[in-house]
Amino acid sequence: MASISFRNVTKIYDGAKTPVVPNLDLEIADKEFVILVGPSGCGKSTTLRMIAGLESISSGELYIGDKLVNKVPPKDRDIAMVFQNYALYPHMSVYDNIAFGLKLRKMDKDEIDKRVHEAAKILDLDHLLQRKPKALSGGQRQRVALGRAMVRNPAVFLLDEPLSNLDAKLRTAMRSEITRLHRRLDTTFVYVTHDQTEAMTMGDRICVMKDGIIQQFNTPQVLYDTPDNLFVAGFIGSPQMNFLDAEIAEEGGNMYAVVRGEAEDKLLIPAAKREALKPYVGKTVTLGIRPEHFMTEEKLNADNALTVKVDFREMLGSEYNFYLYVGENKIIMRVPSHEKMPEGDVIKVPVNLALMHFFDKETEKAIVH
């Protein structure tokens, strides 16, 4: 068993007034691939380092499997960690870098050779075993670091922003390699990143953190479709969700989200969302619309259009990102590249009403999706 359990765990550094991680409760299942994601300083790397034993726990309990590990040294936790900077020995060959930890444990030479070659084959490093790290590309160095962790057959893999030093093309390739590696090894992975694209494409579940506090812990699809609060809604998705002030109004038996900008636009609220919004009639809420949830002009009608001023566009091949203004608020719309919207024009753009999100302005919690 390689489940991980944080039970009311707090981490506070000596001399600090506030904890980096306060009262953390987190359950990671055996063989699960969990992503810890959030902005810089949110506590995700500290959480990972507590699992590794590189950071002490101020209070609470941490279990790996059924074993309490608060006082267990890192070398006895059956974990392997892959760092952002690879941490390879420059004077050693790829073979010796991968084998280093096993040699320290005085493992049998034949067993070391077997494990190194098995890992090298899986990671496509078998033709590079005699090279030094300086003769490798960034992606190859990262695979060597993964190989060094693999040969130990750990119960838990810990990965701390392992792709952040790679260029965009290599990051994309390595994402799929790490995902395949997890499936092949069938063990627990905990992966830290600030890149929500990595989180969405790799994790079984994602733990979104802010100020050391878990904002939401669920599957990528649930986080995208039903974010618990404004922070998660703005963090998950690329480009991020657009937010606008909207007054909830009732008129003629219908309910509307009234947005005031270039004009006063009334967005018809679907019947399924109205019950949750009844307490907010006459009040202002935060309306959330994802850039990809605008619709094409042929679906336009008077009840689902925002009046916007076109600022500029970004070409993305098959799609455009249009940057628009609703009054003084800048929003982004992602549409197929055949859409034509001249810069500087004031136009109406349609919204997919069924996919609108509503948040309480004071608590920032989701009202209805």
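Caption draft 1: Broad picture of the sheet that holds strand β4 (residues 59-64). Strand order across the open sheet formed by four strands is β2-β1-β4-β5, with antiparallel pairing between neighbours. Strand pairing shows two members of the sheet lacking a second neighbour, β2 (21-28) and β5 (67-68), which therefore form its edges. Here strand β1 (residues 4-11) runs beside β4; their pairing, made up of five bridges, is antiparallel. Note on β4: the bridge partner recorded for Phe 6 is Leu 62. Set on the sheet, helix α1 (residues 44-52) makes contact with β1, β2 and β4; between it and β1 the angle comes to about 115°.

Caption draft 2: Region of interest: the nonpolar core. Membership of the largest hydrophobic core comes to 45 residues, with the highest contact counts inside it found for Ile 35, Ile 98, Leu 146, Leu 159, Ile 178, Tyr 191 and Val 208. Those residues in contact with Ile 35, other than ones at most four positions away along the chain, are Tyr 191, Thr 193, Ala 199, Met 202, Gly 203, Arg 205, Ile 206 and Cys 207. Counting 36 residues, the second-largest nonpolar core is a separate cluster that includes Tyr 280, Val 310, Met 341 and Ile 367.

Caption draft 3: Broad picture of the side chain of Ser 3. Position of Ser 3 relative to the elements: it lies in the segment before β1. Not counting residues within four places of it along the chain, the set of residues in contact with Ser 3 comprises Ile 28, Ala 29, Asp 30, Tyr 63, Ile 64 and Gly 65.

Caption draft 4: Structural context of the side chain of Gln 216. Relative to the elements of secondary structure, Gln 216 occurs in strand β10 (residues 213-218). At a separation of 2.7 Å, a polar atom in the side chain of Gln 216 contacts the main-chain amide nitrogen of Asp 228. Excluding anything up to four places from it in sequence, Gln 216 contacts Ile 206, Cys 207, Val 208, Val 222, Leu 223, Thr 226, Pro 227, Asp 228 and Val 232.

Caption draft 5: Up close: the packing of aromatic side chains. According to the stated counting rule, one finds eight aromatic pairs in the structure shown. On the numbers, 5.8 Å between centres and 20° between planes, the contact of Phe 231 with Phe 235 is stacked. Placement of both Phe 231 and Phe 235 in helix α8 (residues 230-235) is noted, with a separation of four residues, approximately one turn of the helix. One exposure class covers both Phe 231 and Phe 235, and it is buried. Cluster of aromatic residues (ring-pair linked, three or more members): Phe 33, Phe 157, Phe 189 and Tyr 191. Positioned over the ring face of Tyr 63 is Arg 7, at 4.1 Å from the centre of the ring. If you follow Arg 290 out to its NZ or CZ, it ends over the ring of Tyr 224, 4.3 Å from the centre.

Caption draft 6: A look at helix α4 (residues 138-150). Between its first and last C-alpha, α4 extends 18 Å over 13 residues, near the 18 Å set by a 1.5 Å rise per residue. Among the residues of α4, those classed as buried are Gly 139, Gln 140, Gln 142, Arg 143, Val 144, Ala 145, Leu 146, Gly 147, Arg 148, Ala 149 and Met 150. As for α4, its buried residues are in contact with β6 (79-82), α2 (94-104), α3 (109-122), β7 (156-160) and α5 (168-185).

Caption draft 7: Broad picture of the pattern of salt bridges. Evaluation of the coordinates by the stated rule reveals 16 salt bridges. With a shortest N-O distance of 3.4 Å, Asp 265 and Lys 348 are connected by a salt bridge. Of the two residues, Asp 265 sits in strand β13 (residues 264-268) while Lys 348 sits in strand β18 (residues 346-350), which places them 83 residues apart along the sequence. Judged by its relative accessible area of 44%, Lys 348 falls in the partly exposed class. Several salt bridges share partner residues, and in doing so they unite Lys 11, Arg 49 and Glu 55 into one network.

Caption draft 8: Local environment of the pairing of β10. As paired strands, strand β9 (residues 205-210) and β10 are joined by five bridges and run antiparallel to one another. When the bridges of β10 are listed, Cys 207 appears paired with Phe 217. What sits between the antiparallel neighbours β9 and β10 is a turn of two residues, in which Asp 211 has the positive phi angle 55°.

The rules behind the values
- Residues numbered from 1 in each chain as written.
- Predicted model: local features only at pLDDT ≥ 70, side-chain atom pairs only at ≥ 80, totals over all residues.
- Heavy atoms only, no water.
- Pairing = 2+ DSSP bridges.
- Helix = DSSP H or I, 4+ residues; strand = E, 2+ residues; numbered from the N terminus.
- Contact = heavy atoms within 4.5 Å.
- Axes fitted to C-alpha atoms, helices over the stretch in contact; angles between N-to-C directions.
- Core = buried A, V, L, I, M, F, W, Y, C linked by side-chain atoms within 4.5 Å.
- Buried < 20%, exposed > 50% of the residue type's maximum accessible area, 1.4 Å probe, protein only.
- Polar contact = N/O pair within 3.5 Å; in protein donor to acceptor, adjacent residues only side chain to side chain.
- Phe/Tyr/Trp six-rings, centres within 6.5 Å; stacked < 30°, edge-to-face > 60°.
- Lys NZ or Arg CZ within 6 Å of the ring centre and 35° of its normal.
- Expected span 1.5 Å × (residues − 1).
- Salt bridge = Lys/Arg side-chain N within 4 Å of Asp/Glu carboxyl O.

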